[in-house]
Every structure is written in C-alpha cells, then in structure tokens.
Amino acid sequence: MTCYEIPTSDSNINMRHLAVLWLRASSSSQKLVIATEDEMDTTSTPVPVYNTFTALVRSASIIDVAIGLVVVWALHTAIRTIRKDFRTTKLRGPKGTSLLLGVGKELFESVETGAMFEEWSKEYGVAYEIPLIYGQKRIILCDPKAAAYLLSKDTWSYTGTPGLKEHMVRTIGKGLFWAEGESHRRQRRSIAASFNSTTIRNLSPVIHKTVDRVKAAWEASIDANGGESVVLDVQKWMNYVSLDSFGTAGLSYDFGSLEGKPNSMISVLDAFGAPSSANFWDGIVLLVSFFFPIVLHVPTKRVEMFTKLREQMSAICDLIIDNATKEKVETSNSTIDLLLQAEDEVSGRRVTREEVMAQIRTLLFASYETTALMMTWALIEVARHPHVQSKLREELLSGGEPSYDQLTSFPYLDAVVQETLRVHSAVQDLIRQAKEDDVIPLSEPVRTKSGDVVDKIAVERGTVIGISVPCMNRSEAIWGPDAKVFRPERWLEADGVTKKAQEVKGYRHVLTFGEGPRTCVGKVFAIAEIKTVLSVVVKNFVLEMKDGPDTKVEAVRGISLRPKVTGEDGIKVPLRLRHYKG
C-alpha cells in the first residue's frame with residue numbers, strides 16, 4: 001500500500017489531483033490511499049479514498065468535477081487498453097484522422113459505411129482494427145467464417161456493448177433487443193410461436209386486407225387527379241402499412257394510420273428524419289453516448305425526442321394491453337396474447353406489465369423502422385428498373401389472387417425480395433463485446449502488425465467486435481464484381497450466388513436478419529408483408545421515378561438510414577403511379 005500526499009487548502013484541492021494520484025496508483029498496481037499533508041507528517045492512519053473523494057467533490061467546482069471525471073475515465077481506459085493489447089492479436093488497420101475521435105467521426109457522418117469497411121478490408125484483410133473515440137479500438141470482421149462463429153455464440157459469449165444497451169433501455173426498454181443469455185432465450189421463446197410460418201399463414205389474409213386499403217386509396221388518388229397518374233410519397237404509406245398490419249395481426253389493435261387517424265408516436269418517429277432534428281451538438285452527444293452512456297443525460301434535442309418517443313409508445317402500449325385484456329382469447333397465438341400468458345420458467349409468475357410493454361415497444365419499433373424501410377426500397381427498385389417490374393408483373397398476373405403458399409412459390413417475386421434484403425439492409429452494424437477470452441477462426445489468413453500471418457485471432461474479454469452488414473451483403477470479394485448492382489436474376493442462376501457468398505450463414509446467405517440466437521424473430525412476417533405489398537402494388541399499378549429513371553435517391557440518418565429522393569423535404573420518396581391497364 002502506498003500513501004500519496006495532496007494539498008488541502010481550498011484554493012488547491014480539486015478533482016485533477018485525484019486523477020493524477022489515480023494514475024500513479026494504477027500504473028504501479030498499488031492500492032490508492034490518500035492522506036492530507038498534516039497526516040503525512042504524523043503516524044496517523046491515512047484517510048480512506050472515499051472520505052477524501054467526498055471532500056474533494058464538496059469543495060470542487062462543476063468544471064473541476066467534469067475535468068476530473070473525464071481524466072480519470074481516460075486514464076482508466078488507456079491503462080485497460082494497454083493491458084488488453086497483451087492478450088489480443090494486434091491487427092493492422094487504418095490510422096485515425098483525429099487524435100480524439102479516431103475514425104469515429106467519418107463513420108458517424110457517412111451513410112456508406114459498408115463501402116468504407118470494404119475498402120479497408122482490401123488493404124488490411126478480412127479482420128482488422130479501427131481506432132475510435134478516446135483511444136478505444138474495435139476489431140472489424142469482413143469474413144463469413146469469423147462472422148458465423150461470433151454470431152453463433154451471440155447473447156452468451158458475445159453481448160451488446162453498454163452504450164448500445166443503454167440506448168435501447170431509454171428508447172424501448174428491456175425487451176428482446178436488450179436481453180442477453182437466459183433472459184434473451186426466455187423472452188424469445190415467449191413470442192416465437194406468433195412468428196412461425198403456420199401462424200403467419202393464418203394471418204396472411206389480415207396482412208392482405210391492410211394492403212388492399214392502400215390499393216383503394218391509391219386508386220382514389222389517381223382518379224381524383226384526372227385518372228392519368230398521381231405522385232405519392234410511398235415511404236409514408238409503407239410506414240402506415242407496416243404499423244397497421246402488425247397492429248391488427250399481432251397486437252389485435254387497429255392504429256388506423258391508413259385512414260388518417262392521428263397518432264402521436266408516428267409524429268415523433270417521422271420527426272427523426274427531418275433535417276432540423278439534428279445539429280452539431282446533437283451529433284457529438286450521440287456519437288459519444290455509444291461509448292459513454294452517461295452523456296445521454298445531457299438534455300439535447302435528440303435525447304428529448306427519444307424520451308418523447310418512449311412516452312408516446314408507452315401510452316399506446318397501455319391501450320393495447322388494456323384492449324387485449326378485455327378481449328382475452330386463451331387459445332390465440334397473437335403476439336399480445338402470448339405475451340400476456342407468458343410465465344417465468346423458474347418462478348412460474350406471469351411476466352410483469354412493464355416486461356410486456358418493453359416487448360411491444362420493441363416490436364413496434366422494429367416494424368416501423370425495418371420492415372417499412374425495406375418495403376420502401378423494394379418499391380424504389382421496381383420503379384428504377386422497368387424490366388424487373390414488367391417481369392415481376394407477368395409472373396404475378398399468372399397466378400390469380402395469391403394465397404400465402406402461392407406467394408412463397410413465385411420464384412421471381414422471391415428473387416426481387418431477396419435482392420432487396422441484400423442490397424438494402426435496415427441494420428447497418430452488428431456490434432458485440434466479448435464476455436470471455438476467445439479465439440475466432442478466419443477463412444483466410446491476415447497479416448498482423450508484427451508481420452506474422454495468422455488464420456485465427458485471439459480476443460480478450462471486453463474486446464469490441466463489429467460486423468458491417470452492408471459490407472458483408474455487398475462485398476465484391478464475397479458476391480463478385482456485380483455485388484453493388486440490383487440484379488434479382490442472381491438468385492435464379494445456378495452460379496448466381498458465389499461459393500464465397502454461400503459461406504455466409506445468415507438467412508439465404510445475407511446478414512440482413514442477423515444470424516444465430518439473435519436472428520430476427522419476425523423475419524417470416526416481414527418477408528410475407530413485403531411480398532404482399534409487391535404483389536398487390538405491381539399487379540395494379542405502374543410505378544415510375546417522379547423525375548424519370550435518373551432520379552437520385554440518397555440515404556439520410558434518422559433512427560435508421562432511410563431513403564429519400566434528393567431535393568425533397570424530410571424523408572419523402574415520391575413516386576409516380578399509374579393504373580395498370582393490361
């Protein structure tokens with residue numbers, strides 16, 4: 001044990017002294033005990049750290065406290081990183097463009113991170129290291145074998161990072177996205193039956209009925225505009241379709257979005273896509289919060305919007321639960337009924353109302369922010385590619401009014417949906433933290449910083465690892481030279497999916513729905529919904545880009561990366577629609 005002396009006059013004592021002493025003690029692996037100057041001159045017992053820290057805080061200014069906490073944290077992180085490096089394979093990677101932020105600022109501001117990760121993989125191999133904020137590092141995997149290994153051990157050996165989990169808690173609660181290990185297994189099991197193929201087959205008429213309401217509304221809009229054509233924001237309509245179909249089919253609750261029923265939750269979700277919803281300070285706080293969750297307490301506009309979103313979602317969840325409780329059906333396989341009937345396997349108790357609300361918030365969020373996004377991209381792609389639209393329409397018209405089983409049997413429809421999932425993943429990154437020391441195998445060797453060539457990498461507990469979904473889904477090294485091209489035919493050709501792509505263990509060789517224990521529980525529902533929308537829309541309408549085939553579409557950062565037509569306000573995707581007259 002070592003004692004350190006600090007000055008105790010009011011003008012000198014502050015948090016920075018504590019930070020310096022912490023560094024001395026940490027670097028020498030000694031126990032830190034602090035004594036005053038008078039005590040150091042006597043034989044009295046040193047004052048414990050806790051008492052001295054309390055005195056420091058009481059006498060320090062707010063600036064002193066802030067500086068002290070930042071310095072303490074930075075020193076702690078630096079020492080932890082140095083120690084971790086001894087047991088983690090030292091990989092090569094890009095140099096940081098900023099001493100403070102590494103490459104974090106570039107990644108945060110980019111809407112094409114997949115391309116950045118792919119370029120780095122060409123230079124450094126299928127596994128490399130990137131520098132991030134305040135000296136933190138992240139290993140990036142662009143390798144099917146390594147990704148399959150890591151995701152197979154998800155929720156147990158690898159879990160979400162503290163920053164990501166705190167974001168989830170503050171937005172949607174401790175639901176399926178947040179849970180790990182046994183909690184995740186229990187929560188997933190409680191709702192899995194409501195998303196299997198048998199249940200979705202039974203719910204398909206409900207989904208179809210919702211999409212038919214869109215058809216009727218679009219036909220009325222064309223007729224009201226003179227009968228020739230009309231320009232409509234399809235993103236807004238897809239948001240409403242997704243919310244209403246899942247609300248009716250899964251939650252026994254009609255949101256009425258397609259009929260224009262006011263919904264405060266939709267207003268908040270839409271606000272995230274507005275250009276005015278973010279500013280420089282919001283961006284900095286959001287970036288830092290993924291590494292230091294405590295800054296989410298800073299009252300920025302975006303943080304306030306997340307708080308408001310949770311409040312509005314909670315109010316709707318209360319209505320849904322009350323409605324389901326009044327109309328309880330014991331044999332129902334709807335999501336809400338299964339949640340209300342779920343029991344804890346150990347205690348046998350029913351899950352609490354807050355647990356049910358967390359799951360509903362999770363599912364509503366996923367429906368609005370992922371399924372709706374992919375349906376929007378599907379409509380954009382058929383409007384961009386008239387030959388794809390014509391070929392798809394020909395197939396769909398040959399089958400009459402399709403049932404669920406018929407929708408799953410149309411090969412070109414399946415190819416269009418699968419290509420949409422590959423090219424336009426709603427999820428951008430799968431980020432995990434090792435909970436134990438591990439060794440990750442690679443499909444091809446990489447060169448380390450020391451020049452050694454290895455076919456596996458050692459990671460120490462606490463190491464953060466990322467997998468870029470767009471990179472894996474659109475990598476030329478995995479999918480071939482036309483990887484960036486929207487080409488549904490690849491799914492129908494004998495060699496259309498390369499041997500390297502076949503090594504990707506996700507759904508149909510893409511990672512859009514994840515893989516392993518965390519694979520998307522609602523993927524069957526999502527695919528059925530996308531196919532139903534395409535089936536109804538393409539059979540009845542001709543879709544065109546508003547300003548012709550060269551209309552530019554870009555991605556904007558809301559909660560997710562959403563498409564928008566360049567030059568339009570917010571996240572609008574206006575397409576021109578005409579009646580299909582045969």
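See the structure above.
Rules of the game
- Residues numbered from 1 in each chain as written.
- Predicted model: local features only at pLDDT ≥ 70, side-chain atom pairs only at ≥ 80, totals over all residues.
- Heavy atoms only, no water.
- Salt bridge = Lys/Arg side-chain N within 4 Å of Asp/Glu carboxyl O.
- Helix = DSSP H or I, 4+ residues; strand = E, 2+ residues; numbered from the N terminus.
- Buried < 20%, exposed > 50% of the residue type's maximum accessible area, 1.4 Å probe, protein only.
- Pairing = 2+ DSSP bridges.
- Contact = heavy atoms within 4.5 Å.
- Axes fitted to C-alpha atoms, helices over the stretch in contact; angles between N-to-C directions.
- Core = buried A, V, L, I, M, F, W, Y, C linked by side-chain atoms within 4.5 Å.
- Parallel < 35°, antiparallel > 145°, perpendicular 65-115°, else oblique.
- Left-handed = near helix turned anticlockwise from the far one by under 90°.
- Nonpolar A, V, L, I, M, F, W, Y, C, P; charged D, E, K, R; others polar.
- Phe/Tyr/Trp six-rings, centres within 6.5 Å; stacked < 30°, edge-to-face > 60°.
- Lys NZ or Arg CZ within 6 Å of the ring centre and 35° of its normal.

Draft legend 1. Region of the structure containing the pattern of salt bridges. One pass over the full model with this rule turns up 38 salt bridges. Among the salt bridges present, the one from Glu 228 reaches Arg 578, with a minimum N-O distance of 3.2 Å. In this pair, Glu 228 is assigned in the loop between helix H10 (197–224) and strand E6 (230–233) and Arg 578 in strand E14 (residues 574–579), connecting sequence segments 350 residues apart. Assessed through its relative accessible area of 23%, Arg 578 is described here as partly exposed.

Draft legend 2. Quick peek at the sheet that holds strand E10 (residues 464–468). Taken together, five strands build an open sheet; the order of strands is E3-E4-E10-E7-E5 and the sheet is mixed. Because the sheet does not close on itself, it has two edges, and the strands there are strand E3 (127–131) and strand E5 (158–159). The pairing of strand E7 (residues 429–434) with E10 spans five bridges and is antiparallel. Within E10, the residue paired with Asp 429 across the bridge is Ser 468. Packed onto the sheet, helix H6 (residues 113–124) meets E3, strand E4 (137–141), E7 and E10 and runs at close to 120° relative to E3. Sheet contacts for helix H7 (residues 144–152): E4, E5, E7 and E10; angle to E10, the most-contacted strand, approximately 120°.

Draft legend 3. Layout of the nonpolar core. Trp 218, Ile 360, Leu 364, Leu 379, Leu 534, Leu 575 and Leu 577 are the most contacted members of the largest nonpolar core, which has 90 residues in total. No other element matches helix H16 (residues 353–384), which puts 16 residues into this core. Apart from residues lying up to four places away in sequence, Leu 534 is in contact with Ala 378, Leu 379, Val 382, Leu 396, Leu 413, Val 416, Val 417 and Lys 539.

Draft legend 4. Broad picture of the packing of helix H12 (residues 264–271) against helix H14 (residues 301–326). Their axes nearest at 9 Å, the elements H12 and H14 cross at an angle of 155°. The angle between the axes of H12 and H14 places the two elements in the roughly antiparallel class. By crossing handedness, the relation of H12 to H14 is classed as left-handed. Between H12 and H14, the residues in contact are Ser 264, Met 265, Val 268, Leu 269 and Ala 271 and Met 305, Lys 308, Leu 309, Gln 312, Met 313 and Ile 316, respectively. Partitioned by chemical class, the residues of the contact of H12 with H14 number eight nonpolar, two polar and one charged.

Draft legend 5. Structural view of unusual backbone geometry. For Thr 155, which is not a glycine, the phi torsion comes out positive at approximately 75°. Look at Thr 155 and you get buried, because its relative accessible area is 3%. Unlike most non-glycine residues, Arg 508 shows phi in positive territory, near 55°.

Draft legend 6. Quick look at the packing of aromatic side chains. Within this structure, the stated rule accounts for eleven aromatic pairs. The interplanar angle of 85° and the centroid separation of 6.4 Å between the aromatic rings of Phe 195 and Phe 525 together place this pair among those described as edge-to-face. Taken together, the residues Phe 195 in the loop between helix H9 (181–192) and H10 and Phe 525 in helix H22 (residues 523–540) connect sequence positions 330 residues apart. What makes Phe 525 buried here is its relative accessible area of 5%. When the centroid spacing of 5.0 Å and the interplanar angle of 75° are considered together, the rings of Tyr 253 and Phe 255 count as edge-to-face. One exposure class covers both Tyr 253 and Phe 255, and it is buried. Counting every residue linked through ring pairs, the aromatic cluster contains Phe 117, Trp 120, Tyr 124 and Tyr 128. Here the basic side chain of Lys 165 rests over the ring of Trp 178, its NZ or CZ set 4.5 Å away from the ring centre. Cation over ring: Arg 393 sits above Tyr 580, and NZ or CZ is 4.7 Å from the ring centre.

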